[in-house]
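Residues per chain, in single letters:
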Amino acid sequence: MSIPLLFGFLFSNPKVLLIVAAVIPALVLMIYVYRSDRVEKEPTGLLLGLLFWGVISTFLAMISETAGSWLLANCLPGGEDDPRYGFWMFFVVVGLSEEGFKYLVLRWRTWKSPHFNCRFDGVVYAVFVSLGFALWENIGYVLMYGMGAALMRAITAVPGHASFGVFMGACYAAARRAENFGDHGASVIWRVVAVLLPALIHGCYDYIAVLGSEQGSAMFWVFVLGVFAAATSMIRKMSRRDAFIAPPNWYR
């Protein structure tokens, strides 16, 4: 298909255009992280599988969040008007559900993989799972709310999920390295941190986003830019300092 025909097809099919707009931010970030993997590239099949399971994790989180919000509404004395509702909803129900299910599929698919042999691999794996989650979630939002949502989420939510994945992946790689060298206790601690740290950051992101005031809006952008800057810096440092976390023949 020629480029003019392709553009004609896109602009004559608004839903297709919206889906493309929803997918592009995740695709750009996937390419960036993949190209930052300098020591040893990961197999395409493994990465596509992680992307797919990231999509599946959205459905698991949706079920968990629906159940959690129902419990909060019915167990807190004031229901949704209870002052504690926001904390429990954003930090526990949403943050732990989404980051927890991302972590579960990440660990299930990669923990014993023979390809998981470098520090930066943990970041690549976690970001691909997170972007699978973000991609599917983004398509839903964009189809519902239009191109304005696509533009806003392209600079907030999608990079946000990628950043949560960077923090998760760095801790996850530290856990794998500790396990490889026989320090099971440290490995367990790093695995717990790999869930709790991104869940905490995710909870802060959502909590600040719903404050609604001008002060809340300013806080949101400062927080978002700080998270993105920290994640980008971590990618660059880990990419430059990447190394094997065990001998190549470690895995059986």
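From a predicted model like this one, the values you see are computed outputs, not experimental measurements. (Residues numbered from 1 in each chain as written. Predicted model: local features only at pLDDT ≥ 70, side-chain atom pairs only at ≥ 80, totals over all residues. Heavy atoms only, no water.)

K.L.:
Just checking my understanding: could you explain the overall build of the protein for this structure?
P.N.:
Across its full length, the protein holds nine helices and zero strands. A globule of 252 residues ought to have a C-alpha radius of gyration of about 18 Å, and the protein, at 19 Å, matches this closely. Along the first, second and third principal axes, the C-alpha atoms of the protein reach 60 × 50 × 30 Å. Scored against the burial criterion, the 252 residues of the protein give a buried share of 48%. Intrachain contacts of the protein at a sequence separation of at least 6 include 79% that bridge at least 24 residues. Looking at the protein as shown, the accessible area adds up to about 13000 Å², and 70% of this sits on carbon and sulfur atoms. Both charge centroids of the protein, one from 19 positive and one from 16 negative side chains, sit 11 Å from each other. (Helix = DSSP H or I, 4+ residues; strand = E, 2+ residues; numbered from the N terminus. Rg over C-alpha atoms; globule rule 2.2 N^0.38 Å. Buried < 20%, exposed > 50% of the residue type's maximum accessible area, 1.4 Å probe, protein only. Contact = heavy atoms within 4.5 Å. Areas by Shrake-Rupley, 256 points an atom, 1.4 Å probe, with all protein chains shown as cover. Lys, Arg positive; Asp, Glu negative; His and termini not counted. Charge placed at Lys NZ, Arg CZ, Asp CG, Glu CD.)

K.L.:
I keep staring at the packing of helix H4 (residues 85-110) against helix H8 (residues 184-209) and nothing clicks. Help me out?
P.N.:
Packed helix pairs are characterised by how far apart their axes lie and by the angle those axes make with each other. Contact pair H4 / H8: the axes reach a minimum separation of 8 Å and the direction vectors enclose 140 degrees. One way to sum up the angle between H4 and H8 is to call them oblique. H8 is crossed by H4, and the crossing has right-handed handedness. In contact with Gly86, Phe87, Phe90, Phe91, Val94, Gly95, Leu96, Glu98, Glu99, Gly100, Tyr103 and Arg107 of H4, H8 contributes Arg191, Ala194, Val195, Leu196, Pro198, Ala199, Leu200, His202, Gly203, Cys204, Asp206 and Tyr207. The residue inventory of the contact of H4 with H8, partitioned by class, reads 14 nonpolar, five polar and five charged. (Axes fitted to C-alpha atoms, helices over the stretch in contact; angles between N-to-C directions. Parallel < 35°, antiparallel > 145°, perpendicular 65-115°, else oblique. Left-handed = near helix turned anticlockwise from the far one by under 90°. Nonpolar A, V, L, I, M, F, W, Y, C, P; charged D, E, K, R; others polar.)

K.L.:
What am I meant to see in the confidence of the model for the protein here?
P.N.:
Segments scoring low in pLDDT should not have their predicted coordinates read at a detailed level. Mean pLDDT over the protein stands at 90; residues scoring 70 or higher make up 91%. Per-element confidence in the protein ranges from a low mean pLDDT of 51 for helix H1 (residues 3-12) to a high of 97 for helix H7 (residues 157-180). (pLDDT = per-residue confidence, 0-100.)

K.L.:
Help me understand the side chain of His202 in this model?
P.N.:
Structurally, His202 is set in helix H8. By relative accessible area, which is 3% here, His202 ends up buried. Within the structure, His202 has its side chain in polar contact with the side chain of Glu99 (distance 2.7 Å). Leave out the neighbours within four places in its chain, and His202 touches Val94, Gly95, Glu98, Glu99, His161 and Phe164. (Polar contact = N/O pair within 3.5 Å; in protein donor to acceptor, adjacent residues only side chain to side chain.)

K.L.:
Explanation requested: a nonpolar patch on the surface in the structure shown.
P.N.:
Judged by side-chain polarity, Leu96, Val188, Val192 and Leu196 come together as a nonpolar surface patch covering roughly 300 Å² of accessible area. If one sorts the elements of the nonpolar patch by residue count, H8 sits on top with three residues. Secondary-structure assignment places Val188 in helix H8. Accessibility expressed as a relative area gives 35% for Val188, which makes it partly exposed. (Patch = residues over 30% accessible without salt bridge, like charges linked within 9 Å, V, L, I, M, F, W, Y side chains within 5 Å. Salt bridge = Lys/Arg side-chain N within 4 Å of Asp/Glu carboxyl O.)

K.L.:
I'm lost on the packing of H4 against helix H5 (residues 119-145) in this one. Help?
P.N.:
The N-to-C vectors of H4 and H5 enclose an angle of 130 degrees; their axes lie 9 Å apart at closest approach. Here H5 runs oblique to H4, going by the angle between their axes. In this structure, H4 crosses over H5, and the sense of that crossing is right-handed. When H4 is examined against H5, the residues Glu98, Lys102, Val105, Leu106 and Thr110 are found in contact with a partner set consisting of Tyr125, Ala126, Val129, Ser130, Phe133 and Glu137. Its residues assigned to classes, the contact of H4 with H5 shows six nonpolar, two polar and three charged.

K.L.:
Looking at this structure, how should I read the nonpolar core?
P.N.:
Looking at soluble globular proteins, one finds that nonpolar side chains tend to be buried together. Residues Leu106 and Leu131 are the most contacted members of the largest nonpolar core, which totals 53 residues. Broken down by secondary-structure element, the contributors of at least two residues to this core are helix H2 (14-36), helix H3 (44-75), H4, H5, H7, H8 and helix H9 (214-240). Take this core: its biggest share by element is 13 residues, from H5. Among all residues touching Leu106, those that are not within four sequence positions of it are Trp111, Tyr125, Ala126, Val129, Met168 and Tyr172. The next biggest cluster of nonpolar side chains, apart from the first, holds six residues, and it includes Leu72, Tyr85, Met89 and Val93. (Core = buried A, V, L, I, M, F, W, Y, C linked by side-chain atoms within 4.5 Å.)

K.L.:
Looking at this structure, how should I read a positive patch on the surface?
P.N.:
A cluster of basic residues, Arg35, Arg38, Lys41, Arg236, Lys237, Arg240 and Arg241, forms a positive patch at the surface. Of all the elements, H9 adds the most residues to the positive patch, at three residues. Locating Arg241 in the fold gives a position in the segment after H9.

K.L.:
Just checking my understanding: could you explain the pattern of salt bridges for this structure?
P.N.:
Side-chain pairing between opposite charges can occur once the charged atoms of the two side chains come close. As enumerated under the stated definition, the model contains four salt bridges in all. The salt bridge partner of Asp82 is Arg84, with a shortest N-O separation of 3.0 Å. According to the relative accessible area criterion, Arg84 is partly exposed, its value standing at 43%. The salt bridge partner of Arg153 is Glu137, with a shortest N-O separation of 3.0 Å. Of the two residues, Arg153 sits in helix H6 (residues 147-154) while Glu137 sits in helix H5, which places them 16 residues apart along the sequence. A relative accessible area of 12% places Arg153 in the buried class.

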